[in-house]
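Notes for the structure review
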2 protein chains.
Amino acid sequence: VDPAAVRAAQERHGRLTKPPGSLGALEDLSVRLAGLAGVCPPPLPEPAAVAVFAGDHGVHAQRVSPWPQEVTAQMVANFLAGGAVVNAMARQVGADVVVVDVGVAAEVPAGPGLVSRNVRRGTADLTAGPAMARADALRAMEIGIEVANDLIAAGNRCLLTGDMGIANTTASAALIAAFTHADPVAVTGRGTGIDDDMHRRKIEVVRRALALHLPDPADPIGVLAAVGGLEHAALAGFMLGAAARKVPVILDGVIACSAALAAKALAPDSVAAMVAGHRSVEPGAAIALDALGLRPLVDLDLRLGEGSGATLALPLVQSAVRVLREVATFDSAGVTDQ
Amino acid sequence: VDPAAVRAAQERHGRLTKPPGSLGALEDLSVRLAGLAGVCPPPLPEPAAVAVFAGDHGVHAQRVSPWPQEVTAQMVANFLAGGAVVNAMARQVGADVVVVDVGVAAEVPAGPGLVSRNVRRGTADLTAGPAMARADALRAMEIGIEVANDLIAAGNRCLLTGDMGIANTTASAALIAAFTHADPVAVTGRGTGIDDDMHRRKIEVVRRALALHLPDPADPIGVLAAVGGLEHAALAGFMLGAAARKVPVILDGVIACSAALAAKALAPDSVAAMVAGHRSVEPGAAIALDALGLRPLVDLDLRLGEGSGATLALPLVQSAVRVLREVATFDSAGVTDQ
């Protein structure tokens, strides 16, 4: 973060034709993005692209989701056909959608918009052993970095996280508990909407996984390998890739927030590139956002994933920067300051 | 509101490729807009236009704002030049901005984008007598209806409220107290950012105005004339005009919310067309939104006005409708339902 750009942005906000501080959290955000870019005003965060990382989860065998595992691959096809919620929202805000198969259990046919980088056909059951090998987690993370680099090389100036993976909120809860030391009951939510019995079972699954692996937050790759998912590892890499290029990355919900904890543990400065798109109803999301020190932009009881919350937040991020770039000053507009 | 369209929208949400209810408040919003339009899915709320109604306030003489009154006219010029915050945000989201001089004290030179409909050169001091005559309030309201009709005739399918008027949060506080019976101390905020002394004086000004006029909420035109502003009356008409044409109208902050209470008192069904863009930090805004039964979409500590909060909310409203229009169903996409 460039302190001179931060100071320049703060000072500029005081000269724009509006009462000082009247744009609240959006002023803070635009100042952060100036600090990230190292220049005031920062570049407009567009064009933008959502990367939907898809993976499957062996813990699905523990009956933590009412959805069959094949829905992951079916939804990948839906994303590629443009029929999912994130596609509709991305069309509204002018963002591209790319889908990355980083660990889907079923074979996903190649097609336009698909990045085929399957590391393994889903993780193993984290209640029985590690979800994956360290090498798998590292490979998935490298893929995330590569996707970020490719999207930036293609001209994108804002990246958005998306995810698809039946049962992936269970892995997210375990990651958040591991990184924040929160109790499983505090971080384990109802995902896509499960009943009380399944919710109790899911909490116990997270508790057993932590007891089995004793994940060490000082070893983030080890945590990802033990209780994470392939899309979580890829998302952590995606965030690190964006941060290394000083491009803002808008986090979606609980999957992204849990991956962000891994990215932060690996490279604390990477948080400077992260923008919290929204506050998911998943309880772990709020705990992770607190640990990241990020304030969410949208708070509308969403619990879909896919990148939907990040996509909704994109125009807010762009507007925050646009104000700093385009609004007249008191001097230039001939408006009397108070 | 059309109950068949509401039911059709609720039923459709259950068939779209997402967990039921997973879009939270956006699902409720899209269902409301189907009910408003009388058809499912409802039309996409675009193109959209922000109407910024500008007026001055005689109560400015009571020193309730640190800004000189001429700033109202200076900011009108800034809007017309495209240099204000609402202009930058409207460019981001593809909305037009029109500026309506409904009661600015200074002469505003005609120019592109200006609708010149000055009813009177600002209100009178509401602590000394009525802010305006009933005929003035009615005329301003008619202008608001006319502006809504003209924007809809020009093809707009979503209207957004904007406002400009130094000291207009004082009139808003008085309106909200009059319509909700809330105490002046509960509804009177710091506007653009005033110190403790000025805030105390502002509360007393609102209290004296209510004691002087004893405004009767059963006579909304009388309330507007006694303690309102010309832009408040015009905004109430603008909302009624949108509602009559079944076009959604996104409310900005406390000025719009106070005007919405007048619109609701005149025509309770008009609330069906209103979408709460954001929750302003002005305490009266939350009280008014509660009275209207509306949940705000954006909550980022904004206190600017101009239509900025409504403009930020526009893509959220558009995305909510777009989901209902464009997302594939489980059947059509070949995705297994749970």
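What you see is a predicted model, and the numbers here were worked out from it, not measured in a lab.

Here's the deal with the interface of chain A and chain B
Taken together, the contact pairs 56 residues of chain A with 56 residues of chain B. Counting the surface lost from both chain A and chain B, the interface buries some 4700 Å², and carbon and sulfur atoms represent 61% of this. Three residues, W67, Q92 and L300 of chain A, lead the burial of chain A against chain B; their summed loss comes to 15% of the area buried on that side. Where chain A meets chain B, there are 4 salt bridges.

Observations concerning the relation of the copies chain A and chain B
Relating the two copies of this chain is a rotation about some axis coupled with a shift parallel to it. Superposition of chain A onto chain B requires a rotation of 180° combined with a translation of 0.0 Å along the rotation axis, giving an RMSD of 0.0 Å. Here the two chains are linked by the operation of a two-fold rotation axis. Scanning chain A for the C-alpha nearest the rotation axis identifies V298 of chain A, at a separation of 3.2 Å. Of the residues that chain A buries at the interface, 100% are likewise interface residues in chain B, meaning the two copies contact each other through the same surface.

Here's the deal with the domain arrangement of chain A
All names here are of chain A. Along its sequence, chain A is organised into domain 1 (3-43 + 323-333) and domain 2 (48-317). Centre-to-centre, using C-alpha coordinates, domain 1 lies 32 Å away from domain 2. Between domain 1 and domain 2, the contact holds 6 residues from the first and 13 residues from the second. Taking both partners together, domain 1 and domain 2 bury about 800 Å²; carbon and sulfur atoms supply 71% of that area. In this structure, the connection of domain 1 to domain 2 is made through 0 salt bridges.

Thresholds, definitions, all that
- Residues numbered from 1 in each chain as written.
- Chains lettered and ligands numbered in written order.
- Predicted model: local features only at pLDDT ≥ 70, side-chain atom pairs only at ≥ 80, totals over all residues.
- Heavy atoms only, no water.
- Contact = heavy atoms within 4.5 Å.
- Buried area = accessible area lost by both parts, 1.4 Å probe.
- Salt bridge = Lys/Arg side-chain N within 4 Å of Asp/Glu carboxyl O.
- Least-squares fit on C-alpha atoms with pLDDT ≥ 70 in both.
- Domains from an automatic or database assignment.

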